[in-house]
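Observations on chain architecture
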Amino acid sequence: MGLLTRTKEEVPCVVTISHRFEELSAHVKFTDGSVVGPGDTVKVHGAEIMAPFGEMVEEERMATITRASGLERMWTRATGDFEFMELCEFSFSEEVTV
């Protein structure tokens, strides 16, 4: 990883899609132990995975991890807290507005 260059790596992964009453989620686990850092992006290859209601589906896929450059990684760490604070400005309530 250079200061201005990105690198890509192909890794195997397991995609888990849950479409149940208790849980609606999608998770990617890298089976080779790879870890995603600040600023990195992940693209999972293959067709869209659809889980019928009430079921959980797991599929093995390949993914491409694009590692952020050193500069992008530093910028993400420096500004990440500010972006999180934007989320904190919103609240949800049961009040009905007219």
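Now for a description of the structure that goes with this document.

Calculation criteria
- Sequence order as written defines residue numbering, which begins from 1 separately in each chain.
- Local features are withheld for residues below a pLDDT of 70 in this predicted model, meaning they are given only at 70 or higher, and side-chain atom pairs are given and counted only at 80 or more; totals for whole chains, interfaces and linings count all residues.
- Side-chain descriptors were evaluated using all non-hydrogen atoms of the structure, hydrogens and water having been removed beforehand.
- Criterion used throughout: strands pair if DSSP finds at least two bridges between them.
- Helix and strand definitions follow DSSP, with helices as H or I runs of at least four residues and strands as E runs of at least two, each counted in order from the N terminus.
- Only the stretch in contact is used when a helix axis is fitted, and all axes are lines through C-alpha atoms; the angle between N-to-C directions ranges over 0 to 180 degrees.

Moving on: the sheet that holds strand 3 (residues 41–44). Reading across from one edge, 2-1-4-3 is the order of the four strands in this open sheet, with antiparallel pairing throughout. This sheet does not close on itself; its edge strands, each paired only once, are strand 2 (24–30) and strand 3. Neighbour-to-neighbour, the strand axes of this sheet turn through a mean angle of 35 degrees, independent of strand direction. Sheet topology places strand 1 (residues 7–19) next to strand 2; seven bridges connect them, and they run antiparallel. Within strand 2, the residue paired with Val14 across the bridge is Lys29.

Let's shift gears to the environment of Ala47. Mapped onto the secondary structure, Ala47 falls in the loop between strand 3 and strand 4 (55–67). Distance in space between the C-alpha atoms of Ala47 and Arg61 is 9.8 Å, their sequence separation being 14 residues.

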